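This is what each chain is made of:
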Amino acid sequence: NAGVTQTPKFQVLKTGQSMTLQCAQDMNHEYMSWYRQDPGMGLRLIHYSVGAGITDQGEVPNGYNVSRSTTEDFPLRLLSAAPSQTSVYFCASSPSGRSDGYTFGSGTRLTVV
Amino acid sequence: AQSVTQLGSHVSVSEGALVLLRCNYSSSVPPYLFWYVQYPNQGLQLLLKYTSAATLVKGINGFEAEFKKSETSFHLTKPSAHMSDAAEYFCAVIRSGGYNKLIFGAGTRLAVHP
């Protein structure tokens, strides 16, 4: 049982480049979320999804796009990378998004130079 | 909007001492509450959760937390710290009846010294 799988684990981008962070879960969870983690700020919600075809914005959505074409996958796209997007990104999934809590992937460390 | 406040960004205790990490939430209705732990260069692992079944919740690794509605608090405790408890701890909330967004506090880094 792989749980939540994130790829890549590390990435360096140049300012202005675009890329997609991949997230896949094999637990048939309906709810999926993307967070970024920055020192002293905890984890901040970027985008979330309550099922295939349904996404919405979190606290810090600017500069990021998401889509949810299948239950398993929830990719995060950086359209034009900026140094302010240097962070550690976590994907998480949950069966109901309520009392179950969320299961987290191991993260992607992104550096934008 | 709901929020979570963790008092103290850094806490240092001696091995064998009591661990107390503080968390307060703001919500108009009792939410679902969680404590997660993050070891260096790893993802987040669920320690325990409050879902209204019992106010005192026991988790993994000897941790427990008590939900106090009157104080809007959900503090994390462990009677005796171990060196392996050194990590960052996050309190998080999902508003019951809400749109299922898990919102985190800023985190508390726990150091355990001999």
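What you are looking at is a predicted structure, and each value in this text was computed from that prediction instead of being measured. (Residues numbered from 1 in each chain as written. Chains lettered and ligands numbered in written order. Predicted model: local features only at pLDDT ≥ 70, side-chain atom pairs only at ≥ 80, totals over all residues. Heavy atoms only, no water.)

Trainee: Run through the overall build of chain B, naming residues and quoting values.
Mentor: Looking only at helices and strands, one finds zero helices and eleven strands in chain B. When the helices and strands of chain B are read in sequence order from the N terminus, they spell out β-β-β-β-β-β-β-β-β-β-β. Each principal axis of the C-alpha distribution contributes one length, and for chain B these read about 45 × 25 × 20 Å. Residues counted as buried form 46% of the 114 residues belonging to chain B. Pairs at least 24 apart in sequence give 56% of the contacts found in chain B among residues at least 6 apart. (Helix = DSSP H or I, 4+ residues; strand = E, 2+ residues; numbered from the N terminus. Buried < 20%, exposed > 50% of the residue type's maximum accessible area, 1.4 Å probe, protein only. Contact = heavy atoms within 4.5 Å.)

Trainee: Can you explain the sheet that holds strand β7 (residues 64-66) of chain A? Please cite residues and give values.
Mentor: To summarise the sheet geometry, strands pair through backbone hydrogen bonds and adopt either a parallel or an antiparallel arrangement. All names here are of chain A. The four strands lie next to each other as β1-β3-β8-β7, forming an open sheet whose pairing is antiparallel. Strand pairing shows two members of the sheet lacking a second neighbour, β1 (4-7) and β7, which therefore form its edges. Pairs of neighbouring strands in the sheet enclose a mean axial angle of 20°, with direction left out of account. Bridge count for β1 against strand β3 (residues 19-25) is four bridges, and the pairing is antiparallel. Paired with Val4 across the two strands is Gln25, which belongs to β3. (Pairing = 2+ DSSP bridges. Axes fitted to C-alpha atoms, helices over the stretch in contact; angles between N-to-C directions.)

Trainee: Which residues make up the state of the cysteines, and what values do they have?
Mentor: What the rule picks out here adds up to two disulfides over all chains. At a sulfur-sulfur separation of 1.9 Å, the disulfide partner of Cys23 of chain A is Cys91 of chain A. Looking down the S-S bond of the Cys23 of chain A and Cys91 of chain A bridge, the torsion is -70°, so its handedness is left-handed. Of this pair, Cys23 of chain A sits in strand β3 while Cys91 of chain A sits in strand β9 (residues 87-94); the two residues are 68 residues apart in sequence, bridging distant segments of the chain. The residue that forms a disulfide with Cys23 of chain B is Cys91 of chain B, at a sulfur-sulfur distance of 1.9 Å. Across the disulfide from Cys23 of chain B to Cys91 of chain B, rotation about the S-S bond amounts to roughly -65°, and the bridge is consequently left-handed. Pair noted here: Cys23 of chain B is in strand β3 (residues 19-26) and Cys91 of chain B is in strand β9 (residues 87-94), with a separation of 68 residues, a long-range link. This pair shows no difference in class: Cys23 of chain B is buried, exactly as Cys91 of chain B is. (Disulfide = S-S within 2.5 Å.)

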